Amino acid sequence: MTDDSPEPPSGLRAMLPDLAPWRASRDFRRLWWSGLISNFGSFLTFVALPVQLKELTGSAAAVGAIGAVELVPLLVFGLYGGALADAWDKRKLIVWTEVGQGLLSAALLVNALLPQPAIWPLYVVAALSSAVVSVQRPALDSLWPRIVAHDHLPAAASLNSFRWTVGGVAGPALAGVVVAYAGLGWAYGADLVTFVVSVFLVIRIAASPASHEAAKPSLKAIAEGARYAWSRKELLGTYAVDLAAMFLAMPLALLPFLADELHAEWSLGLMYATVPLGAMVVSLTSGWTSRVHRHGRMVVLSAALWGLAIAAVGVVGNVWLVLLFLTVAGGCDMVSGIFRGAMWNQTIPDELRGRLAGIELLSYSVGPTVGQVRAGGFAAWWGVRTSVWSGGLLCAGAVGLLALCLPKLMSYDVRTNEHATRLRKQREAAAPAPVEA
């Protein structure tokens, strides 16, 4: 910040989200709206799919197995999708993967409308959706830094988190009502419509071709990205902490069964909505995040608190306390996500951003995916609530151990980190300003 920079906001204004990226970039606004709309529909399916599996099988293990079929596509296409994002036009990748997601929603709709819906298409669509999302997310994550000024990236991360939480709150809450009173087909059909609208918005943003230095998609290019990630121990720390938190303490596959145990089937939609509700509260009061510089410490602290909140979900027997602790957990997860995103976006070179985004995708997607399998297996052996509280305690312990083993993560400071300083200077010296409003 220069000497003549304006004074930072104080009081209530200091807590409100920073809207600078929204005001400065038209493409940011279009991509933001696209994500909001498609996320809303995706959360409808996110609730409808496990509910349909529960109705067809009555098995917690069968619901948890969704994570198993999603795992291999995540591992394969996450890494290769990162290489594609560095080598191809990012906008085109996003458009075509949105089209693919829409077609998969249509397949779920057709299956739901059959007199006797089949089980196997649910797993096939889950696997294919995992592959498509794994290709899209590196392109999407690596596009934001191109359309947002460097100093606006933390604010953009908060606004993107808010966009996700709006769909995450409204989608599951509405899905619980839609599935209960209108049927699964309506949830899948609404998801299909949101993808159509999203594609219309994305095709209107500016093209984002590969940089001249980008490597062609190959195993060698993927290995180059992996070597860079391995050399950055503070980045490895963010991946490891998030992986541990999501693998050990992701209870979402068990929520239909937890609602049954609490004799509160009506609360299922609310349970799915509370995690993003907590995240939304943090997003709406995220102004303070721009004044935090030791991002690594915040990642560790919030991940440990996530685990403790999930442990409380498994211990308490009152449905309203369950909803409260799920909300707290969602807020903690959002704090972790904001600071992980800031570390990634403010330190990774543009020519490697897609491949590193692919690795990031594995860190925040493989954990929840395999975590569903863990949660379902533990529930089958020892009970639903034991699976939830034990996972939360294991998460808190694992995060504490990682903090002791990763001193570079704990000492990270965006003001002095060499990678953040270098990238800031490159952005200030080279690139044209983002598209103005």
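All of these numbers come straight from a predicted model, not from anything done at the bench. (Residues numbered from 1 in each chain as written. Predicted model: local features only at pLDDT ≥ 70, side-chain atom pairs only at ≥ 80, totals over all residues. Heavy atoms only, no water.)

(A) Structural detail: the packing of helix 13 (residues 295-315) against helix 16 (residues 384-405). Here helix 13 crosses helix 16 at 160°, and the two axes come no closer than 7 Å. In terms of axis orientation, helix 13 runs roughly antiparallel to helix 16. For the crossing formed where helix 13 meets helix 16, the hand is left-handed. Residues Val300, Ala303, Ala304, Trp306, Gly307, Leu308, Ile310, Ala311, Val313, Gly314 and Val315 of helix 13 pack against Arg385, Val388, Trp389, Gly392, Leu393, Cys395, Ala396, Val399 and Ala403 of helix 16. (Axes fitted to C-alpha atoms, helices over the stretch in contact; angles between N-to-C directions. Helix = DSSP H or I, 4+ residues; strand = E, 2+ residues; numbered from the N terminus. Parallel < 35°, antiparallel > 145°, perpendicular 65-115°, else oblique. Left-handed = near helix turned anticlockwise from the far one by under 90°. Contact = heavy atoms within 4.5 Å.)

(B) Up close: helix 14 (residues 319-345). Given a rise of 1.5 Å per residue, 27 residues ought to cover 39 Å, and the 39 Å separating the end C-alpha atoms of helix 14 matches this to within 8%. The element helix 14 is largely enclosed, with a buried count of 19 among its 27 residues. Residue Asn318 occupies the N-cap position of helix 14, its side-chain oxygen lying 2.8 Å from the main-chain nitrogen of Trp320. (Expected span 1.5 Å × (residues − 1). Buried < 20%, exposed > 50% of the residue type's maximum accessible area, 1.4 Å probe, protein only. Polar contact = N/O pair within 3.5 Å; in protein donor to acceptor, adjacent residues only side chain to side chain.)

(C) Looking closely at the nonpolar core. With 79 residues, the main nonpolar core has Tyr188, Leu255, Leu258, Met271, Trp306, Val322 and Leu326 as its most contacted residues. Counting residues per element, this core draws most heavily on helix 14, which supplies 11 residues. When sequence neighbours within four positions are dropped, the list of residues in contact with Leu255 reads Leu268, Met271, Tyr272 and Leu326. In terms of nonpolar packing, the next biggest core, distinct from the first, is built from 22 residues, Val148, Ala156, Val199 and Ile205 among them. (Core = buried A, V, L, I, M, F, W, Y, C linked by side-chain atoms within 4.5 Å.)

(D) Geometry of unusual backbone geometry. Of note, the phi angle at His263 is positive, near 55°, even though the residue is not glycine. Tracing the backbone through its elements, the reader meets His263 in the loop between helix 11 (255-261) and helix 12 (268-284). Residue His263 is classed as exposed on the basis of its relative accessible area of 68%.

(E) The arrangement of a nonpolar patch on the surface in detail. Taken together, the side chains of Leu301, Leu305, Leu308, Val315, Trp389 and Leu393 define a hydrophobic patch exposed on the protein surface, amounting to about 540 Å² of accessible area. At the level of secondary structure, the elements contributing two or more residues to the nonpolar patch comprise helix 13 and helix 16. No other element matches helix 13, which puts four residues into the nonpolar patch. Along the polypeptide, Leu308 turns up in helix 13. (Patch = residues over 30% accessible without salt bridge, like charges linked within 9 Å, V, L, I, M, F, W, Y side chains within 5 Å. Areas by Shrake-Rupley, 256 points an atom, 1.4 Å probe, with all protein chains shown as cover. Salt bridge = Lys/Arg side-chain N within 4 Å of Asp/Glu carboxyl O.)

(F) Representation of the state of the cysteines. Using the criterion set out here, one finds zero disulfides in the structure. Between Cys395, a free cysteine, and Cys332, which holds the nearest cysteine sulfur, the sulfur-to-sulfur gap is 10 Å. Among the cysteines around Cys405, which has no disulfide bond, Cys395 carries the closest sulfur, lying 15 Å off. On the accessibility criterion, Cys405 (53% relative accessible area) is exposed. (Disulfide = S-S within 2.5 Å.)

(G) Here's a closer look at the packing of aromatic side chains. Going through the model one piece at a time under the given rule, you end up with 11 aromatic pairs. Pairing Tyr239 with Trp344 gives two aromatic rings, centres 5.9 Å apart and planes at 45°, and the pair type is tilted. Within this pair, whereas Tyr239 is found in helix 10 (residues 233-248), its partner Trp344 is found in helix 14, the two being separated by 105 residues in sequence. Assessed through its relative accessible area of 7%, Trp344 is described here as buried. An aromatic cluster of at least three residues, connected via ring pairs, comprises Trp22, Trp32 and Trp33. The ring of Phe378 carries the charged tip of Arg374 above its face, separated from the ring centre by 4.8 Å. (Phe/Tyr/Trp six-rings, centres within 6.5 Å; stacked < 30°, edge-to-face > 60°. Lys NZ or Arg CZ within 6 Å of the ring centre and 35° of its normal.)

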